[in-house]
Amino acid sequence: MKQQAGSSVFLILLCVVYIFASVEAQTCRPSGTIRGKNPPPGQCNTENDSDCCKVGKLYTTYKCSPPVSSHTKATLTLNSFQAGGDGGGPSECDNQYHSDDDPVVALSTGWFNNKKRCLKYINIYGNGRSVRAKVVDECDSTMGCDSDHDYQPPCPNNIVDASKAVWKALGVSESNWGDMNIYWSDTE
């Protein structure tokens, strides 16, 4: 009986090790770094408290994002998708600008998934509410600190960069717009 109990404990431990190894294999690791350089005068749009690259600072890059589930944890950030906004050029998915009054988002590179989520909707859960938003752009986690990225650093790998309409729909007061922990999922 003792030998059977010992075998059972060994099998349970083996299963636990396998589960942790599987979870570890799904972890998104940095893919590199970019060294910041000073943007030319007036070239970094700081609307919505956007950061500008700092000369000499190393910024981490990612080609992946954390695994997507029905309840994917993320950081919600504020972005303007309008012409002249801090989002830079037109959206990647449709080469258009979008009103701040439309619930639209950009996703970190891994979640953007080579445009596979373009023009699809996601559900965002935060502040006790939810909102449905259209994916129109990538929040580039692989590049930054250049004119194509408005001299802003690369995005972290867990960002849902959202228009003002998303923040309003979640009932967040304007004085608290910036960064907020949320969950999101693909819509059916």
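The name an unreviewed UniProt entry assigns to the protein is Ripening-related protein 1, from the organism Hibiscus sabdariffa. Annotation of the protein in UniProt includes, under Sequence similarities (unreviewed entry), the sentence "Belongs to the kiwellin family." Per UniProt, the protein carries the Subcellular location (unreviewed entry) text "Secreted".

## Thoughts on the environment of R117
Its place among the elements puts R117 in the loop between helix 2 (109-112) and strand 5 (121-126). A sequence separation of 24 residues divides R117 from C93, and the C-alpha atoms of the two residues are 8.9 Å apart. Among residues more than four places away in sequence, those in contact with R117 are V68, L107, W111, F112, V135, W184 and D186. Of note is the side chain of R117, whose polar atom sits 2.8 Å from the side chain of D186.

## Notes on the state of the cysteines
This model, assessed by the stated rule, comprises 4 disulfides. Linked covalently through their sulfurs, C28 and C64 form a disulfide whose S-S length is 1.9 Å. An S-S torsion of about 95 degrees defines the bridge between C28 and C64 as right-handed. Here C64 lies in the loop between strand 2 (58-61) and strand 3 (72-78) and C28 lies in the loop between helix 1 (2-25) and strand 1 (32-35), a separation of 36 residues in the sequence.

## Quick look at the pattern of salt bridges
Here the structure, examined in full by the defined rule, presents 1 salt bridge. Salt-bridge contacts for R117 lead to D186; the nearest nitrogen and oxygen are separated by 2.8 Å. Placement of R117 in the loop between helix 2 and strand 5 and of D186 in strand 8 (residues 179-186) is noted, with a sequence separation of 69 residues between them. Classification of D186 by relative accessible area gives partly exposed; the value is 33%.

Rules of the game
Residues numbered from 1 in each chain as written. Predicted model: local features only at pLDDT ≥ 70, side-chain atom pairs only at ≥ 80, totals over all residues. Heavy atoms only, no water. UniProt positions renumbered as here; feature names shortened; annotations may be inferred. Helix = DSSP H or I, 4+ residues; strand = E, 2+ residues; numbered from the N terminus. Contact = heavy atoms within 4.5 Å. Polar contact = N/O pair within 3.5 Å; in protein donor to acceptor, adjacent residues only side chain to side chain. Disulfide = S-S within 2.5 Å. Salt bridge = Lys/Arg side-chain N within 4 Å of Asp/Glu carboxyl O. Buried < 20%, exposed > 50% of the residue type's maximum accessible area, 1.4 Å probe, protein only.

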